[in-house]
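Examining the three-dimensional arrangement
Given next are the chains, with one letter for each unit.
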Amino acid sequence: MQSVKWSLLNWVYALPLRVRSLLRGAAADADADEELRDYIERQTEENIRRGMSAEQARRAAAIALGGAEQRKQQMREARGTRWMGDTGRDLQYGLRTMMRRPGFTATAVLMLALGVGANTAIFSADHAVLFQRLPYRQPGRLVEIMGKSLSDSGVNRMTVAPANYDDWQADTRPFSEFAAWRISSLNLGGGDHPERVRSAHISANLLDVLGVEPMLGRGFRSGEDVPGASNVAILSYALWQRRYAGNPDVVGRTIRANDQVYTVAGVMAPDFRFPIGWIGTDVEIWTPLAMSAEEKTSRKDILLEVVARLRSGVTVQQAQSSLDGVAQQLAKEYPETNRNWGVNLFPLADRGVSDWRGLLTLLSVAVGLVLMIACANVANLLLARGLERQKELMVRTALGARRGRLVRQLMTEGLLLSFFGGLLGIGLGFAGTRALALAAPTTVMPELKQVSPDGTVLAVALGVSLLTGFLFSVLPALTVSGVSLHGTLQESGRSNTGGVRGNRLKMGLVAGEVAVTLALLLCAGDILNSFSSYMRIDPGFDAHDVMTMRISLPKTKYAEPQQWTSFFSRATEEMRTIPGVVDAAVGSGAPMEDQGSVQRFHIAGRPLGTMNDRSITEYERATPNYFQVTGIRLVRGRGLLDSDGERQQPVAVVNREFAKKQFGDADPLGKVIYLDGDVNESATAKTTGPPLTIVGVIQDTKEYGLFQITPQMVFVPMAQDPETTVSLLVKTAPGAGDVPGAIRRRLAKMDADEPVYNARSLEELFRDQHALFRFNAMLLTAFAGMALVLSAIGIYGVIAYAVSQRSREFGIRLALGSSRQKILLLVLRNAAWMSAAGIGVGLALAWPSTQLLARALRQSMLLTLTRTGPVLYPAMCAGIALTMLLACLIPAYRATQADPMETLRGD
Amino acid sequence: MSKPSDLVQGTLDLLILKILGLQPLHGWALGQRLKQISGEVLQVSDGSLYPALHKLEHQGWIKAEWKPTDNNRRAKFYSLTVLGRRHLAREAANWDRLSTAITGVVRLTEG
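What counts and what doesn't
- Residues numbered from 1 in each chain as written.
- Chains lettered and ligands numbered in written order.
- Predicted model: local features only at pLDDT ≥ 70, side-chain atom pairs only at ≥ 80, totals over all residues.
- Helix = DSSP H or I, 4+ residues; strand = E, 2+ residues; numbered from the N terminus.
- Buried ≥ 20, exposed ≤ 12 C-beta atoms within 10 Å, placed from the backbone.
- Contact = placed C-beta atoms within 7 Å.
- Core = buried A, V, L, I, M, F, W, Y, C linked by C-beta atoms within 7 Å.
- Expected span 1.5 Å × (residues − 1).
- Arc of directions from axis to C-beta.
- Pairing = 2+ DSSP bridges.
- Axes fitted to C-alpha atoms, helices over the stretch in contact; angles between N-to-C directions.
- Parallel < 35°, antiparallel > 145°, perpendicular 65-115°, else oblique.
- Left-handed = near helix turned anticlockwise from the far one by under 90°.
- Nonpolar A, V, L, I, M, F, W, Y, C, P; charged D, E, K, R; others polar.
- pLDDT = per-residue confidence, 0-100.

Secondary structure assignment for chain A yields 27 helices and 21 strands. Counting only residues that meet the buried cut, chain A has 42% of its 907 residues in that class. For chain A, the proportion of contacts with a sequence separation of at least 24, taken over those separated by at least 6, is 83%.

The next thing to look at is the overall build of chain B. Scanning chain B for helices and strands turns up 4 helices and 3 strands. Helices (α) and strands (β) of chain B occur, in sequence order from the N terminus, as α-β-α-α-β-β-α. Of the contacts formed within chain B by residues at least 6 apart in sequence, a portion of 51% connects residues at least 24 apart.

Turning our eyes to something else, we now look at the nonpolar core. Residues and elements named next belong to chain A. Counting 101 residues, the largest nonpolar core has Val 370, Leu 518, Leu 520, Ala 787 and Ile 795 as the members making the most contacts within it. Going through the elements one at a time, helix H6 (102-130), helix H13 (354-388), helix H15 (403-439), helix H16 (455-482), helix H18 (500-535), helix H24 (771-815), helix H25 (820-861) and helix H26 (869-896) are the ones with two or more residues in this core. The leading source of residues in this core is H24, at 22 residues. Apart from the residues lying within four places of it in its own chain, the contact partners of Leu 520 are Ala 366, Leu 369, Phe 783, Ala 784 and Ala 787. Grouped together as the second largest cluster of nonpolar side chains are 61 residues, Val 197, Leu 207, Val 209 and Ile 234 included.

Turning our eyes to something else, we now look at helix H3 (residues 46-59) of chain B. All names here are of chain B. Taking 1.5 Å as the rise per residue, H3 with 14 residues should run 20 Å; its terminal C-alpha atoms sit 21 Å apart, in good agreement. Along H3, 14 of the 14 residues are buried, which leaves the element largely enclosed by surrounding structure. Note on H3: the residue one or two positions beyond its end, Gly 60, has a positive phi of about 90 degrees.

All names here are of chain A. All of the buried residues in helix H9 (residues 237-244) are Leu 239, Trp 240 and Arg 243. Down the axis of H9, the buried side of the element spans an arc of 100 degrees, and every buried residue falls inside it. Next to the buried residues of H9 lie strand S2 (175-188), strand S3 (195-202), strand S5 (232-235), strand S7 (260-267) and strand S8 (285-288). Looking one or two places after H9, you find Ala 245, whose phi comes out positive at around 50 degrees.

For the rest of this paragraph, the subject is the sheet that holds strand S2 (residues 62-68) of chain B. Residue and element names in this part refer to chain B. Reading across the sheet, the 3 strands line up as S1-S3-S2 and stay open at both edges, with antiparallel pairing between neighbours. The two strands at the open ends of the sheet, each matched to only one other strand, are strand S1 (25-26) and S2. Across 7 bridges, the pairing between S2 and strand S3 (residues 74-80) is antiparallel. If you follow Lys 67 over to S3, its bridge partner there is Ala 75. Against the sheet, helix H1 (residues 11-22) makes contact with S1, S2 and S3, and its axis sits at roughly 100 degrees relative to S3, the strand it touches most.

Turning our attention to unusual backbone geometry. Residue and element names in this part refer to chain A. Omega for the bond connecting Phe 274 with Pro 275 falls within 30 degrees of zero, at -10 degrees, which places this linkage in the cis form. Along the polypeptide, Pro 275 turns up in the loop between S7 and S8. With phi around 50 degrees, Ala 245 is a residue other than glycine that occupies positive phi space. Along the chain, Ala 245 turns up in the loop between H9 and strand S6 (254-257). The class of Ala 245 is exposed, set by 8 C-beta atoms lying within 10 Å.

The next thing to look at is the pairing of strand S14 (residues 616-622) of chain A. Residues and elements named next belong to chain A. Across the 7 residues that make up S14, a large majority, 6, are buried. As judged from the 5 bridges shared by S14 and strand S19 (residues 713-717), these two strands associate in the parallel manner. Within the sheet, the bridge partner assigned to Glu 620 lies in S19 and is Phe 715.

Next up on the list: the pairing of S8 of chain A. When a strand is regular, its side chains alternate between the sheet's two faces. Residues and elements named next belong to chain A. Here S8 shows a buried face lined by Ile 285 and Thr 287 and a second buried face lined by Trp 286 and Pro 288. In the sheet, S3 pairs with S8 via 4 bridges, with the strands oriented parallel. Bridging across to S8, Ser 199 finds its partner in Ile 285. For S5 and S8, the ladder comprises 2 bridges, and the chain directions are antiparallel. Bridge pairing links Ile 234 to Trp 286 in S8.

All right, on to the packing of helix H2 (residues 27-38) of chain B against H3 of chain B then. Residue and element names in this part refer to chain B. The N-to-C vectors of H2 and H3 enclose an angle of 120 degrees; their axes lie 10 Å apart at closest approach. With respect to each other, H2 and H3 are oriented oblique. As H2 packs across H3, the resulting crossing turns out to be right-handed. Residues Gly 27, Leu 30 and Gly 31 of H2 lie in contact with H3, whose contacting residues are Asp 46, Leu 49, Tyr 50 and Leu 53. Class assignment for the residues of the contact of H2 with H3 results in 4 nonpolar, 2 polar and 1 charged.

The next subject is the confidence of the model for chain A. Regions with low pLDDT should not have their predicted coordinates read in detail. Model confidence for chain A is summarised by a mean pLDDT of 80, while 84% of its residues fall at 70 or above. Below a pLDDT of 50 lies the segment residues 481-498 of chain A, which in the model reaches 21 contacts outside its immediate sequence neighbourhood of four places, other chains included.

Residue and element names in this part refer to chain A. Of note, Met 215 is situated in the loop between helix H8 (206-210) and strand S4 (216-217). Sequence-wise, Met 215 and Ala 269 are 54 residues apart; in three dimensions their C-alpha atoms are separated by 4.9 Å. Ignoring sequence-local partners within four residues, the contact set of Met 215 consists of Tyr 237, Val 267, Met 268 and Ala 269.

Residue and element names in this part refer to chain B. The interhelical angle for the contact between H1 and H3, taken along N-to-C directions, is 75 degrees, at an axis separation of 10 Å. Here H1 lies roughly perpendicular to H3, going by the angle between them. Contacts between H1 and H3 involve Leu 12, Asp 13 and Ile 16 on the former and, on the latter, Ala 52, Leu 53 and Leu 56. The class makeup of the residues in the contact of H1 with H3 is 5 nonpolar, no polar and 1 charged.

This part covers the environment of Leu 206 of chain A. All names here are of chain A. For Leu 206, the location among the structural elements is in helix H8. Leu 206 gets classed as buried once you count the C-beta atoms within 10 Å, which come to 24. Considering only alpha carbons, one finds Leu 206 and Trp 181, 25 residues apart in sequence, at a separation of 7.9 Å. In this view, Leu 206 contacts Ala 179 and Trp 181; residues no more than four positions away in its chain are not counted.

Take the confidence of the model for chain B next. Chain-level statistics for chain B give a pLDDT mean of 80 and a share of 84% at 70 or above. Interface confidence for the predicted complex, given as ipTM, is 0.82, next to a pTM of 0.63.

Structure (structure tokens):
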């Protein structure tokens with residue numbers, strides 16, 4: 001122990017010396033020179049004193065020293081820096097070798113950089129989305145509890161009825177606490193501009209369950225989440241900064257929201273988000289969840305989302321089975337409402353993530369394969385270089401270089417190469433991550449907004465590239481020692497075909513690349529094909545030049561439904577007078593805006609059945625020209641008319657899907673339906689509505705989005721069932737100016753407190769629908785393209801090397817009368833073999849990989865993959881074969897240009 | 001080649017450290033002193049001193065300094081470091097133990 005300490009101290013002590021002699025080896029040498037000269041002089045003088053002649057004296061002194069050069073070398077070694085000096089020389093030599101072959105170096109470095117960069121970007125995104133750490137205390141113990149249908153409807157993430165939530169809380173063995181919440185939104189009034197923000201009603205203990213506290217002020221107290229308690233609110237950091245200029249005095253002050261007065265209780269920290277994984281904008285204001293006594297005891301109204309904290313040591317599975325018992329008990333006690341309903345526990349961290357997992361995994365695999373191809377190529381290049389240099393290595397061995405020394409030098413070169421590749425790759429990774437954050441469809445994947453290059457990911461990618469450099473630079477060095485010196489020197493002098501062993505490995509690698517590339521290409525082809533077929537889907541409406549925006553009237557200010565109707569009809573009139581506006585309408589929501597409600601209903605003369613796809617319908621109110629503005633065609637009967645007023649006979653227009661599902665081939669016109677209330681709202685709030693006579697049928701529209709099912713739809717005149725929160729839709733002339741701005745100004749004149757929000761064009765909504773799809777198709781295609789280019793480089797490298805190795809052979813063949821075509825075929829045959837093997841394996845890989853792709857698409861986007869099938873597969877194979885052959889043309893042509901005289905004279 | 005064959009491994013280092021422990025010396029003077037003290041018994045070639053000195057310097061046991069000497073010349077003077085002094089004490093004790101033991105054994109076989 002002691003001696004270890006001392007030797008360490010010694011080492012530290014002498015470190016400056018070592019560094020000096022390393023950095024200034026020349027200076028240290030000069031120093032030694034002078035010292036030895038000093039000895040010679042002194043010894044010479046001494047010898048003269050002893051009576052020698054001057055010349056004798058100097059000679060004797062030199063002999064006593066015993067060879068100045070040898071002594072200097074010994075002194076150099078004594079300085080203990082040989083190891084470092086060798087490394088320095090290896091580095092220098094390696095750099096020089098790299099400079100001497102700029103093409104080789106650039107290709108290898110670029111390929112590695114591409115692989116490392118792309119991987120860093122994609123895996124950083126993975127990391128951001130899949131492994132985000134929730135900003136809560138011990139987030140791993142938080143679970144979300146949802147309803148699950150035990151019948152075959154497949155619903156497994158249903159919101160929860162309050163009474164059930166209440167009963168669950170008796171299950172205290174696995175859970176320590178429960179909390180509930182509900183999404184909503186608020187109109188913030190006062191100040192310069194009104195604003196609509198996303199809000200959540202939360203039970204008073206929710207923040208406690210999450211284990212977080214407000215940055216300023218306090219959380220909610222128990223007793224604040226009952227109806228009639230004074231209104232309090234907690235603000236998000238972003239809202240506080242934006243609307244209240246980050247003023248801490250806002251705590252305790254009052255703000256106006258939905259035309260009511262709220263006292264600000266607290267402000268959350270910047271990193272706080274709740275709920276996470278909610279598609280759409282973040283919640284920016286939290287208010288207490290105040291349910292009426294009626295709501296609280298309801299088992300029908302599925303109002304709540306529930307989070308709970310597991311006790312330590314309890315697994316999700318244990319908690320699930322415990323709560324399953326409670327649910328079964330409830331189903332027995334309340335068969336009417338709870339039969340066939342179970343519970344489903346999800347780790348809170350999975351919220352909104354599990355859907356993307358498949359897709360991200362797929363992209364990760366694809367990009368990982370690109371890195372593999374890049375590494376295989378670099379390996380090939382290094383192997384080729386190594387074999388090419390076998391002669392050089394042999395000569396050096398013959399001159400006395402030890403094997404370890406050679407290995408180290410080749411290793412240094414390989415590592416240098418991959419180091420530069422990795423370095424450039426880090427740069428590309430940073431750029432790629434930025435690009436990804438910009439290109440990502442943040443409406444559906446908000447986590448990607450803040451994606452930044454991940455350290456771990458970078459390290460792994462770098463490690464892989466360094467490992468490649470290491471492995472494949474050392475391999476040739478090791479094979480050198482396996483071959484007899486004599487044999488190799490002879491072979492490289494006279495052999496004509498090159499070693500078989502190295503070639504087989506290289507050809508195998510290239511065939512593998514071709515296989516992986518083909519599999520990727522086929523996946524990309526499939527996804528592009530599906531994409532374009534989805535793009536051809538007729539949405540049933542005309543998105544061109546239609547703007548939609550939301551507006552909400554507070555019932556406190558506009559108490560009477562007549563007031564709403566008159567406000568909106570005035571608003572429509574106003575909008576029509578704006579230059580560039582062709583037509584305007586009001587409706588519950590624009591197509592794809594997902595704003596309508598889902599209602600239960602029954603047909604007159606038929607009983608109210610159980611709740612299923614057939615007995616619920618999308619329900620929307622609309623003003624008469626809604627169909628004109630959105631370009632939805634009428635297929636039977638009439639549309640909605642101005643004459644369908646408040647006191648007239650209640651009418652409805654249904655879509656084709658509705659007519660077909662309910663009446664089959666019978667004429668739906670004149671049939672009467674009854675609505676039985678919103679499936680999400682309290683059943684007590686609404687009872688069966690008036691009889692609605694069907695007067696018209698419109699064509700089906702992709703109301704929920706291009707990739708979704710077509711729901712049954714019922715439209716009623718806005719005047720007959722007014723509402724306060726609606727969409728304003730305007731059809732503009734092509735190239736109209738700032739229409740939303742103009743609309744905002746006109747409406748502000750009518751009521752300055754009520755904001756117009758979410759102004760978007762239908763085309764935008766349309767684009768958002770397939771943003772994720774396009775994003776994935778784009779990335780996958782990019783990766784497949786990268787793979788193709790890399791494989792082409794790979795095959796080019798191998799063939800070019802083989803040709804350069806065999807130029808003697810070709811020369812001899814030509815000299816013996818072979819034709820240049822035959823030489824060409826000889827070279828291409830090699831390439832053809834590699835391509836054919838690769839294509840064969842690739843086709844075998846295609847089935848499982850497209851299978852995976854199909855599953856990922858189904859999971860994340862509910863899409864079915866349209867298989868490209870018999871047309872594209874052969875085309876892709878032919879394409880890849882052609883690319884490979886093209887990549888070989890240059891070296892093959894070079895082979896035919898071999899000059900017999902030249903090659904025979906060589907060596 | 002660098003070390004005289006009839007010196008026990010490591011002995012040269014000990015001798016150098018001991019002599020430098022008495023006074024700082026330059027290489028040539030060190031050689032002279034070595035011959036003088038050991039009465040020419042220990043045949044140390046002058047040339048082998050220098051690598052040994054450099055090694056000791058890099059081990060941190062001695063330090064070197066260019067200093068002026070007689071008639072306007074400079075020479076590289078070596079002296080013990082604190083660490084070198086400790087090392088010397090330890091090595092000298094080791095040497096004592098070793099030589100006592102060897103002497104004992106040698107006498108035993110003779111007697």
